[in-house]
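# Understanding the architecture of this molecule
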Amino acid sequence: MSEWITEEQTPHLRLSAEIDKVLYSGNSEFQKIEVVHSKEYGNMLALDGVFQTSEREEYFYHEIIAHVPLFLHPNPKRVLIIGGGDGGVAKECVRHSCVEEVTMVEIDGKVVELAKQYLPTISRAMKEQHPKLTVTIGDGIAFMAKAENYYDVIIVDCSDPIGPGKGLFTEEFYANTMKALKEDGLFVQQTESPFLHQSLVADVFSYVGRHFPITRLFMSYIPIYPSGMHCFTMGSKTYDPLVWKPNRPLDMDMQYYNYDIQKAVFALPNFVKKYLKI
Ligand code: SAM
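Calculation rules
Residues numbered from 1 in each chain as written. Predicted model: local features only at pLDDT ≥ 70, side-chain atom pairs only at ≥ 80, totals over all residues. Heavy atoms only, no water. UniProt positions renumbered as here; feature names shortened; annotations may be inferred. Helix = DSSP H or I, 4+ residues; strand = E, 2+ residues; numbered from the N terminus. Buried < 20%, exposed > 50% of the residue type's maximum accessible area, 1.4 Å probe, protein only. Pairing = 2+ DSSP bridges. Near = heavy atom within 4 Å. Polar contact = N/O pair within 3.5 Å; in protein donor to acceptor, adjacent residues only side chain to side chain. Areas by Shrake-Rupley, 256 points an atom, 1.4 Å probe, with all protein chains shown as cover. 1 Å grid on protein atoms, 1.4 Å probe; cavity = no way out; pocket = protein on both sides within 12 Å on 5 of 7 lines; lining within 4 Å. Sits in = over half its atoms within 2 Å of the grid points. Nonpolar A, V, L, I, M, F, W, Y, C, P; charged D, E, K, R; others polar. Domains from an automatic or database assignment. Contact = heavy atoms within 4.5 Å. Points joined across faces, edges and corners; volume = space filled by probe spheres on them. Axes fitted to C-alpha atoms, helices over the stretch in contact; angles between N-to-C directions. Buried area = accessible area lost by both parts, 1.4 Å probe. Salt bridge = Lys/Arg side-chain N within 4 Å of Asp/Glu carboxyl O.

## Some words on the UniProt feature "domain: PABS" (unreviewed entry) in the chain
- UniProt records the feature "domain: PABS" (unreviewed entry) at residues 2–237, using the numbering of this structure.
- A helix fraction of 27% and a strand fraction of 39% characterise residues 2–237, whose end C-alpha atoms lie 51 Å from each other.

This is how it looks when you write it as structure tokens:
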């Protein structure tokens, strides 16, 4: 009999992956953690039953959430990652030669430990203790409340708005994010499916819009996420992705991201524009 791992994506929709091995299954202080080897996607991480990342398709998500904001900013030096315990975003951020320091604040040390053990390619920068990277185990909400005028780019690579991630989707958090950024800083957050989570996407867009002069949504394909269509909300103090032009060469080998993608991800379908009222 074959064995499967299943995410209930909505009460009426499930996604299952056939697995040949459960590598870890247990509870941390914050959530249920599962690491499995799936036949299609290689090693996969699930938190509270929600698929987070997999070895085979991680670049869809990690390249987009990291390089779209980092190439929009003309000279990002200080980067903050909230969440991101699997290490995939940190791995992409340290590649930029202009980036000098990357601070990652992840609430769950067990996710970091398991990612180093079972997702070695994704967690490479953490595992190899990359000199630009500092990993702090703690609450990203409390960390953001204390930060002021320091970061060029902030990337909120959070889980869903349940459990410890709930407070990362509030207006207060976006006000603190604005404060933590330098005068020309910008931030990006993963904000779920633009198709299945329309009211969440619309709420976040309006909260961010109350604090940032430039608020944009961008979209990409993520094979393991609900509907396969995923969106990211951006708040920026100065740089507008809709009038972006490259200011430095793209001298890194990428599997998904390129300069056509940088522009294309900001093209939105009509049903999304309608509920965002733009
Ligand atoms: N790419 C993933 C997705 O969208 O499904 C997110 C991956 S990453 C593993 C999400 C991380 O955010 C988890 O490891 C979780 O522990 C962390 N997290 C949740 N709430 C947090 C908080 N308040 N502060 C810091 N990290 C948090």
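## Some remarks on the pairing of strand E4 (residues 42–47)
- Most of E4 is tucked away, with 6 of its 6 residues classed as buried.
- Examined bridge by bridge, strand E3 (residues 32–38) and E4 share 6 bridges and lie antiparallel to one another. Note that in E4 the partner of Val35 across the bridge is Leu45.
- Joining the antiparallel neighbours E3 and E4 is a turn of 3 residues.
- Summarising the sheet, E4 and strand E5 (residues 50–54) pair through 4 bridges and their orientation is antiparallel. Its bridge partner being in E5, Leu47 is matched across the sheet by Val50.

## A closer look at the site of the ligand
- Surveying the vicinity of the ligand reveals 26 residues, the closest of which are Gln31, Glu106, Asp139, Gly140 and Tyr225.
- Contact between the ligand and Glu106: an oxygen atom at 2.5 Å from a side-chain N or O atom of the residue.
- Here Pro164 contributes a backbone N or O atom positioned 3.0 Å from a nitrogen atom of the ligand.
- Look at the ligand: alone it shows 590 Å² of surface, and the protein chains cover 99% of it.
- Under a 2 Å grid-point criterion requiring more than half of the atoms, the pocket assigned to the ligand is the largest cavity.
- For the shell around the ligand, the per-class residue count stands at 11 nonpolar, 10 polar and 5 charged.
- Looking at the shell around the ligand, you find at least three residues from each of domain 1 (3–52) and domain 2 (58–276).

## What to know about the UniProt feature "binding site: spermidine" (unreviewed entry) in the chain
- According to UniProt, the positions carrying the feature "binding site: spermidine" (unreviewed entry) are His62, Asp86, Asp157, Cys158, Ser159 and Asp160. Of the annotated positions mentioned, His62, Asp86, Asp157, Cys158, Ser159 and Asp160 line the largest cavity.
- In this structure Asp86 comes out as buried when scored by relative accessible area, which is 7%.
- Look past the residues within four positions of Asp86 in its chain and what remains in contact with it is Leu45, Thr53, His62, Val111, Ala115, Leu119, Ile122, Ser123 and Met126.
- Not counting residues up to four positions away in its chain, the partners in contact with Asp157 are Tyr61, Ile65, Ile81, Ile82, Gly83, Gly84 and Val89.

## Regarding empty space enclosed by the protein
- The tally for this structure, following the rule as stated, stands at 2 cavities of 30 Å³ or more.
- Its boundaries defined by the atoms lining it, the largest cavity holds a volume of some 400 Å³.
- Taken together, 33 residues make up the lining of the largest cavity; nearest its centre are Leu47, Gln52, Asp157, Cys158 and Ser159.
- Put simply, the parts of the chain that give the lining of the largest cavity at least two residues each are E4, E5, helix H1 (58–72), strand E6 (78–83), strand E7 (101–106) and helix H5 (140–146).

## Some thoughts on the pairing of strand E12 (residues 229–236)
- For E12, a buried count of 7 out of 8 residues is recorded, marking the element as mostly surrounded by other parts of the structure.
- With 5 bridges connecting them, strand E10 (residues 181–190) and E12 associate as antiparallel partners. Its bridge partner being in E12, Val188 is matched across the sheet by Met234.

## Brief notes about the sheet that holds E5
- With antiparallel pairing, the 5 strands of this open sheet are ordered in space as E1-E2-E3-E4-E5. Two strands lie at the open edges of the sheet, namely strand E1 (3–10) and E5, each paired on one side alone. On average, adjacent strands in this sheet sit at an angle of 45 degrees to one another, irrespective of strand direction.
- Across the face of the sheet, helix H3 (residues 109–118) comes into contact with strand E2 (13–27), E3 and E4 while running at roughly 15 degrees to E3.

## So, the domain arrangement of the chain
- When its domains are assigned, the chain resolves into domain 1 (3–52) and domain 2 (58–276).
- One C-alpha centre belongs to domain 1, the other to domain 2, and the line joining them spans 23 Å.
- Across the contact, 20 residues belong to domain 1 and 17 residues belong to domain 2.
- Both sides of the domain 1 and domain 2 interface together cover about 1,800 Å² of buried area, and 68% of this is carbon and sulfur.
- At the surface where domain 1 touches domain 2, the tally comes to 0 salt bridges.
- Here domain 1 is connected to domain 2 by 5 residue pairs in polar contact (both at pLDDT 80 or more).
- Sorting the residues of the side of domain 1 that touches domain 2 by element identifies E1, E2, E3, E4 and E5 as the ones contributing at least two each.

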